[in-house]
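Fold and geometry: a report
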Amino acid sequence: MASRLKKRKFTVYLDPEVEKSLADFAARRDRSQSMIAEAAIASFLSPDDAERREAIIAKRLDQLDRRLTRVERDVGISVETMVVFIRFWLATTPALPEPAAKAARAKVGERYEAFITALGRRLAQGPKLRQEVSEDVQEAD
């Protein structure tokens, strides 16, 4: 039977914050500080450390890419919604006669504030338009 080499004592100096973090982590894991420090040093010195870090970074980049794709989709929905609304509004709203147009211009600030209030309520309570629009809709050729 192969005998295991005896561990050797090694003294290191740690900042008080690092020492406290080590003690807290060891207590939470119900392990010795020596075992935690040994595992951390071995992990730091392992040759595959760079590969693990690269895998972690690649995973994070993939997550960011998916989020960016969703943001691009949401912006696209917003722009298309605005375009459809503007076209509909322009096609269905007749021009006002001059006396009525002056009165409408006088009310523009009040109506704008009402619009902003309604938009704020919509954003606060949801559901959002992007949640209502299906991602499975096929583009029309």
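Please read these numbers as outputs of a predicted model, since none were measured by experiment. (Residues numbered from 1 in each chain as written. Predicted model: local features only at pLDDT ≥ 70, side-chain atom pairs only at ≥ 80, totals over all residues. Heavy atoms only, no water.)

**Section: the overall build of the protein**
What counts here: Per the convention used, a helix needs a DSSP run of H or I reaching at least four residues, while a strand needs a run of E reaching at least two, with both numbered from the N terminus. Each residue is assigned to one of three classes by its accessible area relative to the maximum for its type, calculated with a 1.4 Å probe on protein chains only: buried under 20%, partly exposed between the two thresholds, exposed over 50%. Residue exposure ignores everything except the shown protein chains as possible cover, and the areas themselves are Shrake-Rupley values with a 1.4 Å probe.
Within the protein, the secondary structure is distributed over five helices and zero strands. Counting from the amino terminus, the protein carries its helices and strands in the arrangement α-α-α-α-α. Counting every position in the protein, which comprises 141 residues, the buried fraction comes to 6%. For the protein, the accessible surface area stands at approximately 13600 Å², while carbon and sulfur atoms represent 60% of it.

**Points about the confidence of the model for the protein**
Let me state the cut-off plainly: For every residue, the predictor assigns a confidence score, pLDDT, that lies between 0 and 100.
Across the protein, the average pLDDT comes to 84, with 89% of residues at or above 70. Model confidence for the protein, summarised as mean pLDDT per element, is weakest for helix H5 (residues 129-132) at 69 and strongest for helix H1 (residues 16-29) at 94.

**Comments concerning a nonpolar patch on the surface**
Our working definition: A patch consists of residues whose relative accessible area exceeds 30% and which take part in no salt bridge; residues with like charges are grouped when within 9 Å of each other, and nonpolar side chains (Val, Leu, Ile, Met, Phe, Trp, Tyr) when within 5 Å. Basic side-chain nitrogens of Lys or Arg form a salt bridge, by our definition, when they fall within 4 Å of a carboxyl oxygen of Asp or Glu.
Together, Met-82, Phe-85, Ile-86, Trp-89 and Leu-90 give the surface a local cluster of nonpolar side chains, amounting to about 550 Å² of exposed area. If you trace the backbone, Leu-90 turns up in helix H3 (residues 49-92).

**A short note on helix H4 (residues 98-125)**
Put simply, the rule reads: To estimate the expected span of a helix, subtract one from its residue number and multiply by 1.5 Å. The angle separating two fitted axes, one through the seven residues that finish at a residue and one through the seven that start at it, defines the bend at that residue.
In this model, H4 (28 residues) spans 39 Å end to end at C-alpha, consistent with the 40 Å of a helix rising 1.5 Å per residue. Remark: the principal bend of H4, roughly 50°, maps to Val-108.

**A few points about the packing of H1 against helix H2 (residues 33-45)**
So the rule is basically this: Here an angle of 0 to 180 degrees is reported between the N-to-C directions of two axes, which are lines fitted to C-alpha atoms, with helices fitted over the stretch in contact. Every angle not falling under 35 degrees, over 145, or within 65 to 115 is termed oblique; those three ranges are roughly parallel, roughly antiparallel and roughly perpendicular. Whether two residues are in contact is decided by their heavy atoms: any pair within 4.5 Å suffices. Note that Gly is not counted as nonpolar here; it falls among the polar residues with everything else outside the nonpolar set of Ala, Val, Leu, Ile, Met, Phe, Trp, Tyr, Cys and Pro and the charged set of Asp, Glu, Lys and Arg.
The N-to-C vectors of H1 and H2 enclose an angle of 110°; their axes lie 9 Å apart at closest approach. In terms of axis orientation, H1 runs roughly perpendicular to H2. In this structure, H1 contributes Leu-22, Ala-23, Phe-25 and Ala-26 to the contact, and H2 contributes Gln-33, Ile-36 and Ala-37. Taken together, the residues of the contact of H1 with H2 break down into six nonpolar, one polar and no charged.

**Considerations on the pattern of salt bridges**
Evaluation of the coordinates by the stated rule reveals six salt bridges. Linking Arg-52 and Asp-48 is a salt bridge whose minimum nitrogen-to-oxygen distance equals 4.0 Å. Accessibility expressed as a relative area gives 37% for Arg-52, which makes it partly exposed. Among the ionic pairs, Asp-74 bridges to Arg-73, the shortest N-O distance being 3.5 Å.

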